[in-house]
Amino acid sequence: AVLPPPPPLLVGDEIELECVGLAFGGKGVCRLPDGFVVLCERATPGETVLAKITAVKKGGRFAEATKLAAVIDSPHAMPPDCPHFELCGGCTWQDVSYEKQLEMKRAQVLDVLRRVAKVSENDASVDATKSGTAGSVEASQPSLVEQLTPPCVPAKHTLRYRNKMEFAFGAGGGGEN
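Please read these numbers as outputs of a predicted model, since none were measured by experiment.

Thoughts on the overall build of the chain
Scanning the chain from N- to C-terminus turns up four helices and five strands. When the helices and strands of the chain are read in sequence order from the N terminus, they spell out β-β-β-β-β-α-α-α-α. Across the 177 residues in the chain, those meeting the buried criterion constitute 29%. If you take every contact in the chain between residues at least 6 apart in sequence, the share linking residues at least 24 apart comes to 51%. As displayed, the chain has an accessible area near 12,100 Å², and 57% of this comes from carbon and sulfur atoms.

Quick look at the structure:
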């Protein structure tokens, strides 16, 4: 039996990555030039990060990483309102503009509909299906999945709305044991 090649990264490696999308759960999707996927905690689309590899998964099919620093900020980056943002982890996207957060949340729903529910981009639009012309949808028309998924409704208050807190304690001053 031919063994698969070893993964291109090892736990502990530090690497510069460009975030090209979001995975379900909010980790940034980054790809190496050979297509190898790295899911990076706190990386946002459009951002280039210095990241540390924390795990290599599924027989070396992808890796996980933690963002150490932004090398190039996302075009949607903004300073977080909370002084504990970097250490806490409770408000994952607080450093991204609220408008972009809404777009990213909708994109996550669309992704699940496409990948899990298998709703295809080539499905006929709602109007074309009703008129009996399915299959002749113009490229400029949104797909069925996009038509059935309206934009996210913005919240009236985007800060100070959480009612659950979890605390982690350690012996060191910086949270280390």
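Points about the pattern of salt bridges
This structure, assessed with the given rule, holds five salt bridges. One salt bridge in this structure joins E64 and K27, with 3.6 Å as the shortest N-O distance. Of the two residues, E64 is situated in strand 5 (residues 62-72) and K27 in the loop between strand 1 (14-22) and strand 2 (28-31); the sequence distance between them amounts to 37 residues. Of the residues examined, K27 reaches a relative accessible area of 24% and is grouped as partly exposed. The salt bridge partner of E146 is R114, with a shortest N-O separation of 3.4 Å. Of this pair, E146 sits in helix 4 (residues 144-147) while R114 sits in helix 2 (residues 98-115); the two residues are 32 residues apart in sequence, bridging distant segments of the chain. Looking at E146, the relative accessible area reads 28%, which means it is partly exposed.

Brief notes about the sheet that holds strand 2
Think of a sheet as strands paired side by side through backbone hydrogen bonds, with each pair either parallel or antiparallel. Here we have five strands rolled up into a closed barrel, ordered 1-2-3-5-4, and mixed in their pairing. Along the sheet, successive strands turn relative to each other by an average axial angle of 50°, direction set aside. Here strand 1 pairs with strand 4 (residues 48-57) via five bridges, running antiparallel. Bridge pairing links L17 to V49 in strand 4.

Concerning the nonpolar core
Ranked by internal contacts, the top residues of the largest apolar core, which has 15 residues, are L9, L17, V38, C40 and I53. When residues of this core are traced back to their parent elements, those giving at least two are strand 1, strand 3 (37-41), strand 4 and strand 5. Each residue touching I53, except ones within four places of it in the same chain, is listed here: L9, L10, V11, G12, D13, I15, V38, A63, E64 and A65. If you look at the next biggest cluster of nonpolar residues, it comprises five residues, including A23, V37, L39 and F62.

Some details on the pairing of strand 4
The pairing of strand 4 with strand 5 spans nine bridges and is antiparallel. Bridge pairing in strand 5 links V49 to A70. The turn linking strand 4 back onto strand 5 is made up of four residues, and K58 within it adopts a positive phi angle of 45°.

Things to note about unusual backbone geometry
If you check the backbone angles, R42 has positive phi at about 70° while not being a glycine. Mapping R42 onto the fold places it in the loop between strand 3 and strand 4.

Comments concerning the packing of aromatic side chains
Inspection of every chain in the model, using the stated rule, returns zero aromatic pairs. Positioned over the ring face of F85 is R42, at 4.5 Å from the centre of the ring.

Conventions and cut-offs
- Residues numbered from 1 in each chain as written.
- Predicted model: local features only at pLDDT ≥ 70, side-chain atom pairs only at ≥ 80, totals over all residues.
- Heavy atoms only, no water.
- Helix = DSSP H or I, 4+ residues; strand = E, 2+ residues; numbered from the N terminus.
- Buried < 20%, exposed > 50% of the residue type's maximum accessible area, 1.4 Å probe, protein only.
- Contact = heavy atoms within 4.5 Å.
- Areas by Shrake-Rupley, 256 points an atom, 1.4 Å probe, with all protein chains shown as cover.
- Salt bridge = Lys/Arg side-chain N within 4 Å of Asp/Glu carboxyl O.
- Pairing = 2+ DSSP bridges.
- Axes fitted to C-alpha atoms, helices over the stretch in contact; angles between N-to-C directions.
- Core = buried A, V, L, I, M, F, W, Y, C linked by side-chain atoms within 4.5 Å.
- Phe/Tyr/Trp six-rings, centres within 6.5 Å; stacked < 30°, edge-to-face > 60°.
- Lys NZ or Arg CZ within 6 Å of the ring centre and 35° of its normal.

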